[in-house]
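Here is how the chains run, residue by residue.
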Amino acid sequence: MKILLLSLGIVAAALLVLVVLRLLDARADRILARSLIADTTATPPRFEPAMLDGLPDPAARFFRFVMEDGAPLHTVARITMQGQLNLGLAEKATFQAMQARQTLAPPHGFVWQVRLGGLSKVTGTDAYRPDTSWSRFRLLDLIPVGRVSDNPDHLRSAFGRMVGEGLFWTPAAFLPATRAGWDQIAWHPVDAQTAAVVVRHNGLEQRAEVTVDAGGWPLRVVFDRWSNANADRLYRLQPFGGDLGAFEVFDGFRLPTRVVGGNHYGTPLYHPFYKAEVTHITFR
């Protein structure tokens, strides 16, 4: 009987630790999301074509397409999405139904909270703010199966993700006229269809290319991301990108509601593990 009671006590203590850890994780997610929204400018400037003066032609076409004249230049978005996600290796791809919501506020950070379907009921969070970042995934919404935080490699990788997804859904943050908070931002021509933006913030730098058609319709965003998604499991720069489609208008912004992307974009190793369909975007 003593052994049984001791075993039950150990199990109860372990469950209590897991519950407390889950509550602390949820609290950290809420605090970050609220702080990102709180940083929002209550009355942002409105888009005017003159704000594009001096930009490379593909970049100017990009902004003309994604922003209507007079659109409030919001740089913080709340995004809900569904779709498919594969957390495994490309050669053993098993996609699971995904539902997620995200608070996205370049350059200040993001919080992405996801729930995967299937029997495993995996939930997780990816997050970035200038001083730290984290990835926390749980089985049955309780048992940790992957946790990374306070890691400089992860921080650099998360910064790259924020830039890439920011170009998808918060393009006003990359219009130099908004002064969104970057330490530095500059656009450079690449070719007739592509322009590159280089941003620096809090000691990190990221370059990303946006490719558009003749009318400015964004086709893809590609950048070299600091990542360990490779056979060696070592962090290094490697191509990452997303193809954009199904554009819809949200509060004066014409934004993609279908994104397919992944690691090693444009190479034989390309693995489009992320297939998202946006259901709603709101700005604060």
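Fair warning: this is a prediction, and the values are worked out from it, not measured in the lab. (Residues numbered from 1 in each chain as written. Predicted model: local features only at pLDDT ≥ 70, side-chain atom pairs only at ≥ 80, totals over all residues. Heavy atoms only, no water.)

> Before we move on, could you go through the packing of aromatic side chains and cite the residues and values that matter?
Under the defined criterion, the tally for this structure stands at 15 aromatic pairs. With a centroid separation of 6.4 Å and an interplanar angle of 85°, the aromatic rings of Phe 159 and Trp 182 are classed as edge-to-face. With Phe 159 in helix H3 (residues 152–169) and Trp 182 in the loop between H3 and strand E7 (184–189), this residue pair connects regions lying 23 residues apart in the sequence. Look at Phe 159 and you get buried, because its relative accessible area is 1%. Given a relative accessible area of 10%, Trp 182 falls into the buried group. Judged by centre distance (5.4 Å) and plane angle (80°), the rings of Phe 168 and Trp 169 are edge-to-face. The same class applies to Phe 168 and to Trp 169, which are both buried. (Phe/Tyr/Trp six-rings, centres within 6.5 Å; stacked < 30°, edge-to-face > 60°. Helix = DSSP H or I, 4+ residues; strand = E, 2+ residues; numbered from the N terminus. Buried < 20%, exposed > 50% of the residue type's maximum accessible area, 1.4 Å probe, protein only.)

> Help me get a handle on the pattern of salt bridges, residues and values and all.
Between side chains of opposite charge, pairing is possible as soon as their charged atoms come close. With the rule as written, the count across this model stands at 12 salt bridges. A salt bridge links Asp 141 to Arg 22; its shortest N-O distance comes to 3.1 Å. Pair noted here: Asp 141 is in the loop between strand E5 (132–139) and strand E6 (143–149) and Arg 22 is in helix H1 (residues 2–38), with a separation of 119 residues, a long-range link. In this structure, the salt-bridge partner of Arg 236 is Asp 232, at a minimum N-O distance of 3.1 Å. For Asp 232, a relative accessible area of 47% translates into the label partly exposed. A cluster of three or more residues bridged by salt bridges with shared partners is formed by Arg 22, Asp 25, Arg 136, Arg 138, Asp 141 and Arg 147. (Salt bridge = Lys/Arg side-chain N within 4 Å of Asp/Glu carboxyl O.)

> Go over the pairing of strand E1 (residues 77–85), please, and point to the residues and values.
Bridging between E1 and strand E2 (residues 96–105) involves nine bridges; their strand directions are antiparallel. Residue pairing for E2: Thr 80 is matched across the bridge by Arg 101. Both E1 and strand E13 (residues 271–283) contribute to a ladder of nine bridges, which runs antiparallel. Pairing of Thr 80 across the sheet is with His 280, part of E13. (Pairing = 2+ DSSP bridges.)

> Report on the environment of Asn 86, specifying residues and quantitative values.
One can find Asn 86 in the loop between E1 and E2. On the basis of relative accessible area, Asn 86 is assigned to the buried category, the value being 3%. For the pair Asn 86 and Leu 116, spaced 30 residues apart in sequence, the C-alpha separation works out to 9.7 Å.

> Before we move on, can you summarise the nonpolar core with the specific residues and values?
In terms of nonpolar packing, the biggest core is built from 62 residues, with Trp 169 and Trp 187 touching the most fellow members. In terms of residues, this core owes the most to one element, H3, which gives eight residues. For Trp 187, the residues in contact, after removing those within four places along its chain, are Leu 55, Pro 56, Ala 59, Phe 62, Phe 63, Leu 167, Phe 174, Pro 176, Ala 195, Ala 196, Val 197 and Val 210. Ranked by size, the runner-up nonpolar core spans eight residues in total, among them Leu 32, Val 76, Val 111 and Trp 134. (Core = buried A, V, L, I, M, F, W, Y, C linked by side-chain atoms within 4.5 Å. Contact = heavy atoms within 4.5 Å.)

> Lay out the side chain of Thr 178 with the relevant residues and their values.
Assignment of secondary structure puts Thr 178 in the loop between H3 and E7. Among the polar contacts made by the side chain of Thr 178, one reaches the main-chain carbonyl oxygen of Ala 172 at a distance of 3.0 Å. Setting aside anything within four residues of it in sequence, one finds Thr 178 in contact with Leu 73, Ala 172 and Ala 173. (Polar contact = N/O pair within 3.5 Å; in protein donor to acceptor, adjacent residues only side chain to side chain.)

> Would you mind going over the pairing of strand E10 (residues 218–227) in detail, with residue names and values included?
With respect to burial, E10 is a largely interior element, seven of its 10 residues being buried. Hairpin geometry of strand E9 (residues 204–212) and E10 is characterised by an intervening segment of five residues between the two adjacent antiparallel strands and by a positive phi of about 90° at Gly 216. Strand direction decides the pairing type here: E10 and strand E11 (residues 236–250), joined by eight bridges, are antiparallel. Looking at E11, one finds that Ser 227 is bridged to Arg 236.

> Give me the side chain of Thr 132: which residues, what numbers.
On the secondary structure map, Thr 132 appears in strand E5. Separated by 2.6 Å, the side chains of Thr 132 and Asp 150 make a polar contact. When sequence neighbours within four positions are dropped, the list of residues in contact with Thr 132 reads Asp 150 and Leu 155.

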